[in-house]
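Here is what each chain is made of, one letter per residue.
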Amino acid sequence: MVTSDQAIEAIRATGGAQPGNRALHAKGKLYRGTFAATPEAARLSRAAHLSGVTVPALIRFSSGSGNPRQPDNAPGVRGMAVKFTLPDGSTTDVSTQTAKLFPAGTPDGFVSLLKAMRPGPTAPLRLIGYIATHPGFVKALPVVKEANKVPASYGTVAYHGLHAFRWTAADGSDRFVRYHLQPVAGEQFLAPDVAKGKDADFLIEELDKRLASQPVRFDYQVQIAAHGDSTVDPSKPWQSTQTVTVGTLEITAADTEREHGGDIVVFDPMRVTDGIEPSDDPVLRFRTLAYSASVKLRTGVDRGPEAPAT
């Protein structure tokens, strides 16, 4: 299987993975907020943050590119990562993005795609070759391209978890779910001509201004897998139409405490808690290794084989 260093090198070759920055989602900002679960949440999982007690949350909005100077008015995938602090002080993370699917079903497939996308005169031929050997990419591509828009605000676009997790309730019942964060304000996008007139940092500026007058809220929903829905391939859509709102995420202000000096914040979807288990999705499980390589790239610090506590 491909290594995390090979993945970083492939990202670097496409213009991302720049020293001193995250390998992808390089441009972003941290915010503070809270999360309060609905009664339905506790019936699906015994996880501590789903009990109904309001817990603190650290949120990062970002552009999907590895370029820290990516202009906000350019089309592209956006990200929203959330770190919940549980009553015992431990944390658990959720990672979402505006694309509903991942473009590849395996780490090797993703790295092969990055190599095919490497800029140069032979790029079209390389992409044709990739499609010929990865036919599933054709089905995922329209869904991924659908996310290639410019939102009016980080707070007016839906974010989706790419992977499946097993949620286990106190009574022992379990089910696989995928995550979706839906903006309470509704989705709003900019027309291309309007987006071109926006400032290169307008999304952060807009969110800061919005938060100065009111919180930004998202409904945290889970999609419950139906029979036949793949729990191991993030490039395949689910047929299930069963969704449950399990809580409200309320974002209140910019964070001013984290990522100063040697502080490192990593949002790792493999950082789960009792009541939530990762599926056997190989892309999900590879992300911890890739994040460790990314941390080394931006800080020079070895993260180690296990995700840190914060």
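Provided above is the structure to which this section pertains.
Summarised in this report is the structure supplied together with it.

About the criteria used
- Residues numbered from 1 in each chain as written.
- Predicted model: local features only at pLDDT ≥ 70, side-chain atom pairs only at ≥ 80, totals over all residues.
- Heavy atoms only, no water.
- Helix = DSSP H or I, 4+ residues; strand = E, 2+ residues; numbered from the N terminus.
- Rg over C-alpha atoms; globule rule 2.2 N^0.38 Å.
- Buried < 20%, exposed > 50% of the residue type's maximum accessible area, 1.4 Å probe, protein only.
- Contact = heavy atoms within 4.5 Å.
- Areas by Shrake-Rupley, 256 points an atom, 1.4 Å probe, with all protein chains shown as cover.
- Phe/Tyr/Trp six-rings, centres within 6.5 Å; stacked < 30°, edge-to-face > 60°.
- Lys NZ or Arg CZ within 6 Å of the ring centre and 35° of its normal.
- Salt bridge = Lys/Arg side-chain N within 4 Å of Asp/Glu carboxyl O.

1. Considering the overall build of the chain
Along the backbone of the chain there are eight helices and 10 strands. A globule of 310 residues ought to have a C-alpha radius of gyration of about 19 Å, and the chain, at 19 Å, matches this closely. In terms of overall dimensions, the chain has C-alpha extents of about 55 × 45 × 40 Å along its principal axes. Sorting the 310 residues of the chain into buried and exposed places 51% on the buried side. Across the chain, the fraction of contacts at a sequence separation of at least 24, relative to all contacts at a separation of at least 6, is 74%. Carbon and sulfur atoms make up 55% of the accessible area of the chain, which totals about 14,000 Å².

2. With respect to the packing of aromatic side chains
In the structure shown here, the tally under the stated rule is 13 aromatic pairs. Taking the centre distance of 6.0 Å and the plane angle of 55° together, the rings of Phe61 and Tyr159 count as tilted. Here Tyr159 lies in strand 5 (residues 159-160) and Phe61 lies in strand 2 (residues 55-63), a separation of 98 residues in the sequence. The class for Phe61 is buried, based on a relative accessible area of 0%. Relative accessible area serves as the criterion here: at 0%, Tyr159 is assigned to the buried category. Ring plane angle 85° and centroid distance 5.4 Å describe the contact between Tyr130 and Phe137, whose orientation is recorded as edge-to-face. One exposure class covers both Tyr130 and Phe137, and it is buried. One aromatic cluster is present, formed by Phe35, Phe84, Phe165, Trp167, Tyr179 and Tyr220 through successive ring pairs. In this arrangement the basic side chain of Lys83 is found over the ring face of Phe267, its NZ or CZ atom lying 5.2 Å from the centre. Over the face of the ring belonging to Phe189 we find Lys149, whose NZ or CZ atom lies 4.5 Å from the ring centre.

3. Points about the pattern of salt bridges
Opposite charge on two side chains permits them to pair, given that their charged atoms come into close proximity. Scanning all chains against the criterion turns up 18 salt bridges. The shortest N-O distance in the salt bridge between Asp72 and Lys27 comes to 3.1 Å. Here Asp72, found in the loop between strand 2 and strand 3 (78-85), pairs with Lys27, found in the loop between helix 1 (4-13) and strand 1 (28-37); they are 45 residues apart in sequence, far enough to count as distant. A relative accessible area of 1% means that Asp72 is categorised as buried. On the accessibility criterion, Lys27 (13% relative accessible area) is buried. Ionic contacts of the salt-bridge type, sharing partners, join the residues Arg22, Glu259 and Arg298 into one network.

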